[in-house]
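Examination of the molecular architecture
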Amino acid sequence: MATTVDHRGLDAQGHIEREGSLGRVPHVFRPVVAAARDRLLDVYGGRLDSAYLYGSIPRGTARVGRSDLDLLVATRREPTEEDRDAARSLGEALDKEFPEIDGVGILLYGRTRLLSEPETYDLGWFVACLCTPLLGEDLAEYLPRYRPDSLLARETNGDLALLLPRWRERIAASDDSDEARRPLVRFMSRHLVRTGFTLVMPRWNGWTSDLGEMARAFGAYYPGRAEELRKAAASGCEPTGDARVLRSYVDDLGPWLAEEYARVHGVKAPRPDGIA
C-alpha cells in the first residue's frame, strides 16, 4: 500500500505553502520580469488591480530559451475585449524582444471574480498558493488557507469531462503537422498530469508543481496507469507532435481519468457564467 509522504509543500499546520517568490527568479529572467511589470502599468494604468508571476520562473526552475513567462493580471472591473487584446499584444511583444523566454501566457480576470465564493477553491486557491505578487495589492490577504483535501481536488480539476469535447475540437481544427500539434501535446499533457496528481493529492497529503513528482505520486496509487502519466509528464516538458499521443489522451487516458475523478471527488461545481 502507498504511504503518505512527509507533508511536502505544507506548513506546520498542514496548509499548502505559497510556492515561488521574486527572490527565486533567476538573474537571466529578471530583465523580462522587470519589463513585464513596467509595461503592465503602462498598458492598464488605473484599471490594474494587481499582477502576479506564476510557473517555473518564480519557482526558480525555468530553463533559458525553453520556459515561458506566465502572468496573472487582475483588473478592477471585469476585463473587456480591449483589455484582452492588450494582453495578447503585450505578450507577443515580450516574447519577441526577450529570447530567454519561449512564449508568454497572460491570464486576465476581474478582481471580483477572483474573490468570488464559487472561485474560492479554484482561481482563489491559484492566486493564494501558486502566484507570486508582482504589482498591486495581494488578493491572497482576502482568501483562506488551503489544505490538500478532496474539496480542493474537486474544485480545481473536477471538470475534465467537460473539457474533453473541447480538446477534441481543438485537435480536429489544428493543422496536420508536428509543429501545430506540439503546443497541444504540451498543454494537454500538463493538464492530465496535474489532474492525475490532484486525484491522489489528499492521500499523498502534500503539494508539488513538479510534473515528474506529480506523476510519481499518482503512480503510487494507480500503478496500472503509472507509465502513461510518466510519459505525459515527459511530454509536458519535451512535447512531440505525435497525433497518436493526442488521440490516446482524448480517447483513453482522459476519459478514464475524468470518470475516476468524478467517482473519488465528485464533479466541479458549475460556474454562474458557465465557464469551467
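Residues numbered from 1 in each chain as written. Predicted model: local features only at pLDDT ≥ 70, side-chain atom pairs only at ≥ 80, totals over all residues. Heavy atoms only, no water.

Examining the confidence of the model for the protein chain
To keep it simple, the criterion reads: In predicted models, pLDDT denotes the confidence assigned by the predictor to each residue on a 0 to 100 scale. Contacts are assigned to residue pairs with any non-hydrogen atoms lying within 4.5 Å of each other.
Taken residue by residue, the protein chain gives an average pLDDT of 94. The fraction at 70 or more is 96%. Throughout residues 1-5 the model reports pLDDT below 50, and contacts reaching past four residues in sequence, or to other chains, amount to seven contacts.

Some points on the pairing of strand β2 (residues 69-75)
Rules: Throughout this description, buried means an accessible area under 20% of the type-specific maximum (1.4 Å probe, protein chains only), exposed means over 50%, and partly exposed covers the range between. Secondary structure elements follow DSSP: runs of H or I of four or more residues count as helices, runs of E of two or more count as strands, with numbering from the N terminus. Any two strands with at least two DSSP-identified bridges between them are counted as paired. Orient the strands so they point away from the viewer, and a crossover whose first-strand-to-second-strand path over the helix runs clockwise is right-handed.
With seven of seven residues buried, β2 is to be regarded as a mostly interior element. Burial along β2 is two-sided: L69, L71, V73 and T75 facing one way and D70, L72 and A74 facing the other are all buried. Here strand β1 (residues 48-54) runs beside β2; their pairing, made up of six bridges, is antiparallel. When the sheet's bridge partners are listed, Y54 is paired in β2 with D70. Here β2 pairs with strand β3 (residues 104-110) via seven bridges, running parallel. Its bridge partner being in β3, A74 is matched across the sheet by Y109. Considered for its hand, the β-α-β crossover made up of β2, helix α3 (residues 81-97) and β3 is right-handed.

Some remarks on the side chain of D70
Rule in force here: A positive count includes Lys and Arg, and a negative count includes Asp and Glu. His and the chain ends are not counted in either. Salt bridge, as used here, is a side-chain nitrogen of Lys or Arg placed within 4 Å of a carboxyl oxygen of Asp or Glu.
Note on placement: D70 falls in strand β2. Comment: no salt bridge for buried D70; closest opposite-charge side chain is R190, at 6.1 Å.

Thoughts on the pattern of salt bridges
The tally for this structure, following the rule as stated, stands at 26 salt bridges. The shortest N-O distance in the salt bridge between R186 and D68 comes to 3.8 Å. Separated by 118 residues along the polypeptide, R186 in helix α8 (residues 178-204) and D68 in the loop between α2 (56-59) and β2 bring together distant segments of the chain. Owing to a relative accessible area of 24%, R186 belongs among the partly exposed residues under this scheme. R230 is paired through a salt bridge with E227; the nearest N and O atoms lie 2.5 Å apart. Of this pair, R230 and E227 both sit in helix α10 (residues 226-237), three residues apart, roughly one helical turn. Relative accessible area serves as the criterion here: at 41%, E227 is assigned to the partly exposed category.

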